[in-house]
Amino acid sequence: MEMSSSCSQRLLALVVLFLVFLQCFVNGFDKVRGVNLGGWLVVERWIKPSLFDGIPNGDLLDGTQVQLMSVTLQKYVSAANGGGTNVTVDRDIPSWWETFKIWRVSENKFQFRCFGGQFLTSQSEGNIISATAETPTVSETYIVERNNTRVHIKLLSGIYLQATEENQLTADYVDELGWDDNAATFEMVIYANNLHGDYQLANGYGQDKAKEVLKKHRNTFVTAEDFSFLSQHGMNTVRIPVGWWIAEDPNPPAPFIAGTLDFLDRAFLWARIYNVRCIIDLHAAPGSQNGMEHSASRDGSVNWPLSQDYISQSLNVIEFLSARYANNPALLGIELLNEPSASSIPIDVLVSYYRSGYQIIRKYSSTVYVIVCQRIGNADPMELFQASIGDENVVVDVHYYNLFDAFFANLNPIQNIQFIYDSRRTQLQTLDSANGPLLFVGEWVNEWNVTNASQMQYQMFGRTQLEVYDIASFGWSYWTIKNEEKHWDFKWNVENKYLLLSNSMKNSVDKLHTIGPTILAIMLACRGSLYDGKTTI
Ligand SMILES: *[C@@H]1O[C@H](CO)[C@@H](O)[C@H](O)[C@H]1NC(C)=O
Ligand SMILES: *[C@@H]1O[C@H](CO)[C@@H](O)[C@H](O)[C@H]1NC(C)=O
Ligand SMILES: *[C@@H]1O[C@H](CO)[C@@H](O)[C@H](O)[C@H]1NC(C)=O
Ligand SMILES: *[C@@H]1O[C@H](CO)[C@@H](O)[C@H](O)[C@H]1NC(C)=O
């Protein structure tokens, strides 16, 4: 059967109308008002502590820093100069040379990494333990037996280490061994234990159990209902942290666990159903770009800038993600790297990576936003505005927390609010008017370093942030959708009315000029109830 020409014309008209409608919708996408899906495809224990509950010897995960004191000598084991020589047992007070980072081989087998990066090895002259191995193998692997804070450390051959009267550490203790004060017994101090990311979880549980734990977590932590919730509350975007190993699904290198790609696909599906856009954020880059658990660092080292391999591998991940999602209507942007460390990553290395990432994304799409994150630490956000990363649709992401810095430790509620209104607002206005990339507050939270603040104080803090961050030309996204710490939890904040979205969602930049001063006036009038007793302004 042939279609009549009038019918096909009508069909064509309908299609055109539909496209125009679509175009209007896309253009009508004013600004990002979004929420991060933190702790989902990249794990952070503090967001969901129970994930780590079942790990045996769970306080000895990769990157845990330990110090060892001989109970007979009452001296600490030391790798002088941070490594490169024979180990001694001669220090009264432990510092960096006496602190070792654990690489976990199994529940009770560990390697010890010195401050300078080398490993304690039994492959040396005599039976002396030295701090000279560049990479760990069997002769750098030790079995640790624990009894409360006391440990015995033995080689895989079964021979125990002991502290000699000459202050050396030797692998030659063969006698019967008890937990009394003997030369082979050490007090182990856990000095730092603050890395709990994907590496620690997967290597801590081992592959099989980790698969089970992560499958359940990924299936339940973020679901279609969350997208529905976000959509109902006026959120139009999700920023989704992913780890580099997503590009190697279904066979990512150990210890990483496959499956995140499937869930990212699901997120795109839900996004289309609930009319939400997605920003994919390379949150964990190979080698680690900031040494933190959310970069999936093994032991806190920042290796990403040290090797061109890690940088090319990161670009491959960007290529993989671009190829897969560039034509998906739910894709809004790709963020090339989350929170690179200012102290470890030179700006020229970063800018060169960002430029290459831009070119790669542009091979697949002329419109997808290319988002580049400001370095964390001591860096001027203007550095990326002047960097000529690309010509079209480049966005600079800044993260704003009134936390993690001594400056905020003693601010009362009014001072916190004033800081947002004065300092953050001024910075946003300056950056926005720099005639460069668009501006995005990609992470912020309705939490501060104020103890026992009232609901009203939180509401004002949240409202002020919403209004000020709305200045950013590209918009903002809250960190994070769900969190064991309820003040970080977007859903909790909204449901319990600690974060009042409604009015601010209708906000425009203009409105700020009327509302901002009003809020300040109310704040000043309410000084009595806002004042937390710490400081006056
Ligand atoms: C380490 O100890 C061995 C055995 O006592 C000795 O031969 C070697 O010279 C020592 N190395 C250093 C750097 O002190
Ligand atoms: C731990 O050490 C104490 C003595 O300090 C000993 O009585 C106990 O049996 C030891 N526990 C184990 C599991 O070896
Ligand atoms: C809050 O301030 C205290 C000092 O009063 C500081 O030790 C702590 O690290 C701060 N917390 C955060 C999350 O910034
Ligand atoms: C905060 O509230 C808790 C529970 O009501 C209370 O125990 C604590 O002393 C309060 N802290 C401060 C600094 O007021």
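Further up the page is the structure itself.
Since the model is a prediction, treat every value here as computed from it, not as a measurement.

Draft legend 1. Region of interest: the overall build of the chain. Of regular secondary structure, the chain possesses 15 helices and 20 strands. Residues counted as buried form 56% of the 537 residues belonging to the chain. Within the chain, contacts between residues at least 6 apart in sequence are counted, and of these 71% link residues at least 24 apart.

Draft legend 2. Molecular detail of the site of ligand 1. Around ligand 1, the neighbouring residues are N86, E125 and I128. Take N86: an N or O atom from its side chain is 2.3 Å from an oxygen atom of ligand 1. Taking 360 Å² as the accessible area of ligand 1 by itself, protein coverage stands at 42%.

Draft legend 3. Structural detail: the nonpolar core. W40, I240, L264, Y353, Y354 and F490 are the most contacted members of the largest nonpolar core, which has 100 residues in total. Every residue in contact with L264, bar those within four places of it in the chain, is listed here: L41, I240, V242, I246, I280, L321 and Y325. If you look at the next biggest cluster of nonpolar residues, it comprises 27 residues, including V77, F110, V151 and L161.

Draft legend 4. Looking closely at empty space enclosed by the protein. A full pass over the atoms with the stated rule returns 1 cavity of 30 Å³ or more. If you add up the space inside the largest cavity, you get close to 40 Å³. Contributing to the lining of the largest cavity are L68, F112, L120, Y142, I153, L161 and L169. For the lining of the largest cavity, the per-class residue count stands at 7 nonpolar, no polar and no charged.

Draft legend 5. Quick peek at the sheet that holds strand β19 (residues 438–448). The sheet built from 8 strands closes into a barrel, its strands ordered β1-β14-β15-β16-β17-β18-β19-β20 with parallel pairing. Each adjacent strand pair in this sheet contributes to an overall mean axis angle of 30°, direction not counted. Here strand β1 (residues 32–36) pairs with strand β20 (residues 475–478) via 4 bridges, running parallel. The residue bridging V32 from the neighbouring strand is G475, located in β20. Packing against the sheet, helix α11 (residues 455–469) makes contact with β18 (394–402), β19 and β20, and its axis sits at approximately 175° to β19.

Draft legend 6. Region of the structure containing the site of ligand 3. Around ligand 3, the structure places L403, F404, A409 and N449. In this structure, F404 approaches ligand 3 through a main-chain N or O atom, which is 2.8 Å from an oxygen atom. Note that an oxygen atom of ligand 3 is positioned 2.3 Å from one of the side-chain N or O atoms of N449. Here ligand 3, which alone exposes 360 Å², has 42% of that area covered by the protein. For the shell around ligand 3, the residue count by class is 3 nonpolar, 1 polar and no charged.

Draft legend 7. Structural context of the pairing of strand β10 (residues 150–155). Of all 6 residues in β10, 5 are buried; the element is thus mostly enclosed. Direction of pairing for strand β9 (residues 142–147) relative to β10: antiparallel, over a ladder of 6 bridges. Note on β10: the bridge partner recorded for E145 is H152. Counted between consecutive antiparallel strands, the loop separating β9 from β10 contains 2 residues, among which N148 sits at a positive phi close to 55°. Bridge analysis of β10 against strand β13 (residues 186–192) gives 2 bridges, and the strand direction is antiparallel. Bridged to R150 within β13 is E187.

Draft legend 8. Spotlight on the packing of helix α2 (residues 198–205) against helix α3 (residues 207–221). Packing of α2 against α3 leaves a shortest axis separation of 6 Å and a crossing angle of 130°. In terms of their interaxial angle, α2 and α3 are classed as oblique. Residue-level inspection shows D198, L201, A202 and Y205 of α2 in contact with α3, the latter providing Q207, K209, A210, V213, L214 and R218. A breakdown of the residues in the contact of α2 with α3 according to their chemical character gives 6 nonpolar, 1 polar and 3 charged.

Draft legend 9. Geometry of the packing of aromatic side chains. Counted according to the given criterion, the structure contains 33 aromatic pairs. Among the aromatic residues, ring-to-ring pairing joins F229, Y400, W444, Y469, W476, Y478 and F490 into one connected group. Stacked on the ring of Y421, the Lys or Arg R425 has its end atom at 4.1 Å from the ring centre. Taking the ring centre of F221 as reference, the NZ or CZ of K482 above it sits at 5.7 Å.

Draft legend 10. View of α2. Of all 8 residues in α2, 8 are buried, a share of seventy percent or more. Those residues of α2 lying buried are D198, Y199, Q200, L201, A202, N203, G204 and Y205. Buried-residue contacts for α2 involve β5 (100–104) and α3. Within two residues after α2, G206 carries a phi angle of roughly 90°, on the positive side.

Draft legend 11. Representation of the environment of L230 in the model. Along the polypeptide, L230 turns up in helix α4 (residues 224–232). Separated by 261 residues in the primary sequence, L230 and K491 place their C-alpha atoms 8.6 Å from one another. Beyond its immediate sequence surroundings of up to four residues, L230 is in contact with V35, M235, V238, I481 and F490.

Draft legend 12. Quick look at the side chain of T480. In this fold, T480 is placed in the loop between β20 and α12 (490–495). When residues no more than four places from it in sequence are discounted, the contact partners of T480 are V35, N36, L37, G38, I47, W488, D489 and F490.

Draft legend 13. Geometry of the layout of surface pockets. Size it by volume and the largest pocket reaches roughly 960 Å³. Forming the boundary of the largest pocket are 33 residues, of which E339, I376, H399, Y401 and F404 lie nearest the centre. Here the lining of the largest pocket is built from residues that sort into 16 nonpolar, 10 polar and 7 charged.

Draft legend 14. Layout of the side chain of D299. As for its position among the elements, D299 is in the loop between β15 (277–284) and α6 (308–325). By relative accessible area, which is 5% here, D299 ends up buried. A distance of 2.9 Å separates the side chain of D299 from the side chain of W103, its partner in a polar contact. Residue contacts for D299: discarding those within four places in its chain leaves G63, K101, W103, R113 and L195.

Draft legend 15. Layout of the pattern of salt bridges. Scanning the entire structure with this criterion turns up 22 salt bridges. Of the charged contacts in the structure, one is a salt bridge between R91 and D90, with a shortest N-O distance of 3.7 Å. Since its relative accessible area comes to 32%, D90 is described here as partly exposed. Here K491 makes a salt bridge to D226, at a shortest N to O gap of 2.7 Å. Placement of K491 in helix α12 and of D226 in helix α4 is noted, with a sequence separation of 265 residues between them. The buried category is assigned to D226, whose relative accessible area is 1%. Each of R239, D281, E335, D397 and E443 takes part in one network of salt bridges that share partners.

What counts and how
Residues numbered from 1 in each chain as written. Chains lettered and ligands numbered in written order. Predicted model: local features only at pLDDT ≥ 70, side-chain atom pairs only at ≥ 80, totals over all residues. Heavy atoms only, no water. Helix = DSSP H or I, 4+ residues; strand = E, 2+ residues; numbered from the N terminus. Buried < 20%, exposed > 50% of the residue type's maximum accessible area, 1.4 Å probe, protein only. Contact = heavy atoms within 4.5 Å. Near = heavy atom within 4 Å. Polar contact = N/O pair within 3.5 Å; in protein donor to acceptor, adjacent residues only side chain to side chain. Areas by Shrake-Rupley, 256 points an atom, 1.4 Å probe, with all protein chains shown as cover. Core = buried A, V, L, I, M, F, W, Y, C linked by side-chain atoms within 4.5 Å. 1 Å grid on protein atoms, 1.4 Å probe; cavity = no way out; pocket = protein on both sides within 12 Å on 5 of 7 lines; lining within 4 Å. Points joined across faces, edges and corners; volume = space filled by probe spheres on them. Nonpolar A, V, L, I, M, F, W, Y, C, P; charged D, E, K, R; others polar. Pairing = 2+ DSSP bridges. Axes fitted to C-alpha atoms, helices over the stretch in contact; angles between N-to-C directions. Parallel < 35°, antiparallel > 145°, perpendicular 65-115°, else oblique. Phe/Tyr/Trp six-rings, centres within 6.5 Å; stacked < 30°, edge-to-face > 60°. Lys NZ or Arg CZ within 6 Å of the ring centre and 35° of its normal. Salt bridge = Lys/Arg side-chain N within 4 Å of Asp/Glu carboxyl O.

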